[in-house]
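Chains, contacts and geometry: an overview
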Amino acid sequence: MLALLVIVPLVVAAFLAVILRSRTTLVRYVALGASVISLLIAVALLLTSSNMVQQFIWFNVGQYAVHISTTTAPINLMLLLIVAGITPLIFAYSIGYLKTPSEQGRYYFEMCIFAASMMLFSISANFISLFIAWEMLGITSYLLIGFWQYKPKAQLAARKAITTIIIGDVAMLIAMLLIWSTYHTFEFLALYSAAATPALYAAMLLIAVAAFTKSAQFPFTEWLADAMEGPTPVSAFLHSSTMVKAGVFLILILAPIYTNLHILNLFVIFGIVSALVGAMNALAEHHIKRILAYSTIEDLALMFIAIGFNALYAAVLLFIVQAFYKALLFMSAGSIMTAGDDEEDLFESFNSTKNRGLFITMVIGTLSLAGIFPMSGFFGKAAIDSVAANFSSLPNIILYVLLSVVDLLSSIYIFRWLFVPMRKAPLEKAFTLNINYRTLPKSMLIPPTILAAFVIIGSVFYVTLTNLLPLGGLPVSIGVSDTVVETILVLAGLAIAYLLYVKMRLSGFTEKHEVLRGAFNSGAEINVLYNYFAAFVMLSANVVWRFDHYIDRLLYYSGMGLVEIGNRLRRLQNGQTNLYVAAFMLGLLALILLFAL
Amino acid sequence: MLIGPFYVAHAIIALMLALIVVPLAAIPRRQSHAAFLASSALLALIFLLSAYAFLSGVDVTVFIIFHLYQFSAFFLGLFAFALLLVNALSYEHYQDFTRFSMFLSFAIVGMFVVAMANSLITILLGLELMTLPTAFMIMTSGKYHIEAAVKLFILSAIAIGALSFAIALVFPYDLQLALSPVSSSALFTGITPNAGNYLLILSIILVAAAMGFEVAAFPFNLWVPDVYQGAPGNVTALLAGINKKVAFVALMEIFFVLFVQFQPIFSPVLILLSIATMFYGNIVALVQTNVKRLLAYSSISQAGYILIGLAVATQFGIEASIVQIVAHLFMIIGAFAIVLWLESKNLRTLDDYNSLGYRNRFAAASLAILMLSMAGVPPLLGFIGKFLVFSSAIDTRALLYLAVFGIVNSFISIYYYAKVIDHMYSGRSKELLPMGRYTYAVVAVALAATILLGVYPNFLISAASAASKALLAL
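Residues numbered from 1 in each chain as written. Chains lettered and ligands numbered in written order. Predicted model: local features only at pLDDT ≥ 70, side-chain atom pairs only at ≥ 80, totals over all residues.

Per the secondary structure count, chain A includes 25 helices and two strands. Taking all 597 residues of chain A together, the buried fraction comes to 55%. For chain A, restricting intrachain contacts to residue pairs at least 6 apart in sequence, the fraction spanning at least 24 positions comes to 79%. (Helix = DSSP H or I, 4+ residues; strand = E, 2+ residues; numbered from the N terminus. Buried ≥ 20, exposed ≤ 12 C-beta atoms within 10 Å, placed from the backbone. Contact = placed C-beta atoms within 7 Å.)

For the rest of this paragraph, the subject is the overall build of chain B. When its secondary structure is counted, chain B shows 18 helices and two strands. Taking 23 Å as the expected radius of gyration for a compact globule of 474 residues, we find that chain B reaches 21 Å, a close match to that expectation. Dimensions of chain B along its principal axes, counting C-alpha atoms only, are 70 × 55 × 45 Å. Buried positions account for 67% of the 474 residues belonging to chain B. Sequence separation of at least 24 residues holds for 79% of the intrachain contacts in chain B that already meet a minimum separation of 6. (Rg over C-alpha atoms; globule rule 2.2 N^0.38 Å.)

Turning our eyes to something else, we now look at the environment of I592 of chain A. Along the polypeptide, I592 of chain A turns up in helix α25 (residues 575-596). When sequence neighbours within four positions are dropped, the list of residues in contact with I592 of chain A reads L202 and I205 of chain B.

Turning to the interface of chain A and chain B, a few remarks are in order. If you look at the interface, chain A gives 42 residues, while chain B gives 51 residues. Listing elements by their share of the side of chain A that touches chain B, those giving two or more residues are β1 (53-61), α5 (127-145), α6 (152-183), α23 (523-561) and α25 of chain A. With 13 residues, α25 of chain A is the largest single contributor of residues to the side of chain A that touches chain B. Here the residues of the side of chain A that touches chain B sort into 28 nonpolar, 10 polar and four charged. (Nonpolar A, V, L, I, M, F, W, Y, C, P; charged D, E, K, R; others polar.)

Here the focus is helix α11 (residues 245-261) of chain A. Because an α-helix packs 3.6 residues into every turn, residues spaced three or four apart end up facing the same way. Residue and element names in this part refer to chain A. Relative to the 24 Å expected for 17 residues at 1.5 Å per residue, α11 spans 23 Å between its end C-alpha atoms, a close match to the ideal helical length. Of all the bends in α11, the largest measures some 60 degrees and sits at L254, one to four residues before the proline P256. Of all 17 residues that make up α11, 12 are buried, and the element is covered over most of its length. Listed in full, the buried residues belonging to α11 are K245, A246, G247, V248, F249, L250, I251, L252, I253, A255, I257 and Y258. Where α11 terminates, the next one or two residues include H262, which has phi positive at roughly 60 degrees. (Expected span 1.5 Å × (residues − 1). Bend = angle between axes of the 7 residues up to and from the residue.)

Moving on: the packing of helix α12 (residues 315-344) of chain B against helix α15 (residues 381-395) of chain B. All names here are of chain B. Between α12 and α15, whose axes approach to 8 Å, the crossing angle comes to 155 degrees. On the basis of their axis angle, the class for α12 and α15 is roughly antiparallel. Crossing of α12 against α15: the hand is left-handed. From α12, F316, G317, A320, S321, V323, Q324, A327, F330 and M331 reach across to α15, where they touch L381, G382, I384, G385, K386, L388, V389, S392 and D395. In terms of residue class, the contact of α12 with α15 is made up of 10 nonpolar, six polar and two charged. (Axes fitted to C-alpha atoms, helices over the stretch in contact; angles between N-to-C directions. Parallel < 35°, antiparallel > 145°, perpendicular 65-115°, else oblique. Left-handed = near helix turned anticlockwise from the far one by under 90°.)

What follows deals with the environment of P434 of chain B. Tracing the sequence through the fold places P434 of chain B in the loop between α16 (400-424) and α17 (437-455). Each C-alpha atom of the pair P434 of chain B and W341 of chain B lies 9.6 Å from the other, and the pair is 93 residues apart in sequence.

Residue and element names in this part refer to chain B. Summarising the element assignment, F405 is placed in helix α16. Separated by 100 residues in sequence, F405 and Y305 place their C-alpha atoms 9.8 Å apart. Ignoring anything within four residues of it in the chain, the contact list for F405 reads I275 and M278.

Once that is clear, we can look at the packing of helix α4 (residues 97-115) of chain B against helix α9 (residues 233-258) of chain B. Residues and elements named next belong to chain B. α9 packs onto α4 with a crossing angle of 25 degrees between their chain directions and a minimal axis gap of 9 Å. Between α4 and α9, the crossing angle belongs to the class labelled roughly parallel. When you trace α4 past α9, the crossing you get is left-handed. Note on element contacts: α9 touches α4 through I242, V246, V249 and A250, opposite M111, V114 and A115. Counted by class, the contact of α4 with α9 contains seven nonpolar, no polar and no charged residues.

Let us now look at the pairing of strand β2 (residues 64-71) of chain A. Residues and elements named next belong to chain A. Among the eight residues in β2, six count as buried, and that is most of the element. The pairing of β1 with β2 spans eight bridges and is antiparallel. In the strand pairing of β2, I57 is matched with H67. Connecting β1 to the antiparallel partner β2 that follows it, the hairpin turn spans two residues, and G62 within it adopts a positive phi of roughly 60 degrees. (Pairing = 2+ DSSP bridges.)

The next thing to look at is the confidence of the model for chain B. Interpreting fine coordinate detail is not advised for predicted regions of low pLDDT. Residue and element names in this part refer to chain B. In this model, chain B carries a mean pLDDT of 85, and residues with pLDDT of at least 70 account for 95%. Of all secondary-structure elements in chain B, the lowest mean pLDDT belongs to helix α13 (residues 356-359), at 80, while α17 reaches the highest, 92. Reported for the predicted complex are a pTM of 0.81 and an ipTM of 0.76. (pLDDT = per-residue confidence, 0-100.)

Residues and elements named next belong to chain B. Between its first and last C-alpha, α9 extends 35 Å over 26 residues, near the 38 Å set by a 1.5 Å rise per residue. Along α9, the largest kink reaches about 35 degrees and is centred on L239. Burial of α9 is extensive: 26 of the 26 residues sit out of reach of the surface.

Let us now look at unusual backbone geometry. Residue P374 of chain A is reached from F373 of chain A by a cis peptide bond, and omega for that bond is 0 degrees. Structurally, P374 of chain A is set in the loop between α15 (356-370) and α16 (376-388). Phi is positive for N346 of chain B, close to 70 degrees, though the residue is something other than glycine. Residue position: N346 of chain B is located in the loop between α12 and α13. Look at N346 of chain B and you get exposed, because 7 C-beta atoms sit within 10 Å.

Once that is clear, we can look at the confidence of the model for chain A. All names here are of chain A. Per-residue confidence for chain A gives a mean pLDDT of 80; residues scoring 70 or more make up 86%. Here helix α24 (residues 568-572) stands out as the element of chain A with the lowest mean pLDDT, 39, in contrast to helix α8 (residues 198-214), whose mean of 90 is the highest. The low-confidence segment residues 558-575 (pLDDT under 50) makes 12 contacts with residues lying over four places distant or belonging to another chain.

This is how it looks when you write it as structure tokens:
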């Protein structure tokens, strides 16, 4: 299992992190070293092997075998390299970011396990290996969101994340069992050519649900925004550049099956809704990281739209470049927060220009996200617009208009995100801020710089992607008109943001703008959905629990009825036992009535 | 075969008798250590012999009432191995182990008798021999446990009553009360399920209720949380880990041998029990704060998963259930070993478990892995069991819904399992909690089984398949 080698260093490092956790400096460098080794192995895989599926039998079911299988197909290697490439940067950033000694062991353990599962996910060639990774992703994500256990909000966020993820896991496992019982195989390759059956339809729809939960698409968007309660490197790693893209990636590799079943359009519809939800919420949001989280939802939605059009190249292009600029933006956000004493409100953050390196990387990330030529983000977004630029029917035109609105909105919110913290701090804050910006550790500044380089170089993928990746679907071709439209939209967004937040010095949404903010902030309504679901689960738990309680009550009252308290035997044969006997008899009677009549 | 099958069977029975004698001999001088060593050695011997019997494919009937074949050898070995763990746990827990050991050996013999049973009477006697000493074990553990003991005693008496009545109803059809299909009896050939055999149907339901009590199926399981919580942890481990599994063995023996032609009747009963049990166990577990109670409810829901495979009633279904039985046995013994040890430090509720991850790393990590396995996270043993059980239900298309219920439940359970893990790693206490070495060993063995059998499940699956085939071939 050559490909599985790539996760070995990280797994070893994870256990070393637990063993060595009293030696905090060592733990950091062990993790960093392991991630570099993993990267080297990933590069070696890229250079040596060519599209191999390897499998070994895990266990047998009847005459069929359940395999663990891995593949080194180009698309899998692409994700592997993205993950392996970002991991060392994140670990390096964490060195400066996370200083509490007592947390190091747990942090690096969880992060290493996460990185290993993400790598396993990227090279898995069947549902079994994928599901193992999928579960581990969910669990590590849950643990890392709730990493700061003393923050009640973080605990709630973690619970919300796991609730959503569990919905996805249920869907996934049911889909897997449906596929297994119909085709007796879990291999993706075998399923590409599988005959369409009702079971396959059901399974693929369920997998779409699972992908939506993982990638925080409508109606499962809210957990991602709340996940920002976790440490910033976690947000940069799991909740923007890697884990949330597992859903997109899953649909990407299963796209041939969806094409066979003719249900690809589904992703366009859910995609555009999610994109609007993400962009509007990002505009309504004040929390410096949540803005980026909503923006991630929008990015992922754009990828789903591209897949829905069977424009796999466009989806992959955005997939690659988004990883770089989003990780970069999150790292910058973390740096601003660190410098500003963990201030999370965008409008309470100031003086971001004080650290030149930080500011330049922020600008590069922002320009890329907004989509300004020749940043790589431009190619990613323009590719998707060019796919949608098809005016043959009314729904297509509506879609194109909506996409343009999304582009405009995202340009506004990201420039707002850039401009607002540039403001000068009030006097009482200015002094400390200046010092804090100047003393930001190197380890928090170098990784974003490297990413910024990737953000710029990433444009190359536009030209080379077709040669690197043999994929089905439409090729990418960005025309002049797409470029012009995209640029106009972005510049308009830039102008609006400049006018509102630099010239007029608007201070976000106040009471006066409550209506406007309410219109944009759909997060609240979606939260209500979640609350209903959670409430339903807890309520039913409580109802059944009451049943037990009610027995306790009965015991209490019947106990009072028994006057002879001194009678030990009486006390032992209390109401509870009687009730248990009664339940036994009632159950027996019910069964008899059901089956004998 | 190196040793004749006849001798193997007799050797096992002789060892069982020796198991009873040893603690009786040790009691007068309170030689706890000697009793522990001797009983462990005997259990190990039984384990080895039954493993040998299983691998060599024995099929021999002894004294008419015992039948040693691959199915019984599998469970003999499994129980002997699990009992070694419980024995070690109990030895560490009690000052005077001999008295406890006596009751334990009676219960052990009961378990083995059920596993080897070749007649209905043997099953009945075996179950009684298992349950009553268990009640005594709880009772003699201290005055706080008497209530639990009495509850167990009274309710098991009713269950045994139901089972006796069921057996009496079978008598006209099966004069020897032997474990062979009723319809093959010489007197009443050609009995079919739809011929209006109300007596047999009633008998099936009574068996289901009696076994429903023993395996803790809803609504016959209301005693479980009280007794599990009230009993000392080692007895709880015995109850949840082994007693319940013995009842499953008895259930399989009665339904799949005696009533095998009545599958259309007993399957729906088991389906109903399974669904109700899963939902009841999981949903109530969500709101528990006492860890022992939480595990009690969780083990109720696990019984529901096992029932799925039995309700499917195909060879694959039984095989899957056997794997799930093995999985749950190791997970719950490991978990209760930790709970027992923490209980002796006066830590009982979820809040008490805070910062366990800092106070004893091994215990917290093991409990976390066991919880993940119970929740069905691959590649641990719990996942294999659930995967097989659910796919056995999906294989027979008619029971797809049962698998869906199961999957939904197994994910509901992640909530409370995650809650336990959550608590263990929150808080900051640094005060170390040392663990006794026997508890340590038991947890390590259970953990190793959970991980190793999860990563390399093929041996277990083929063994379960052989056992289930042997059962159905009767």
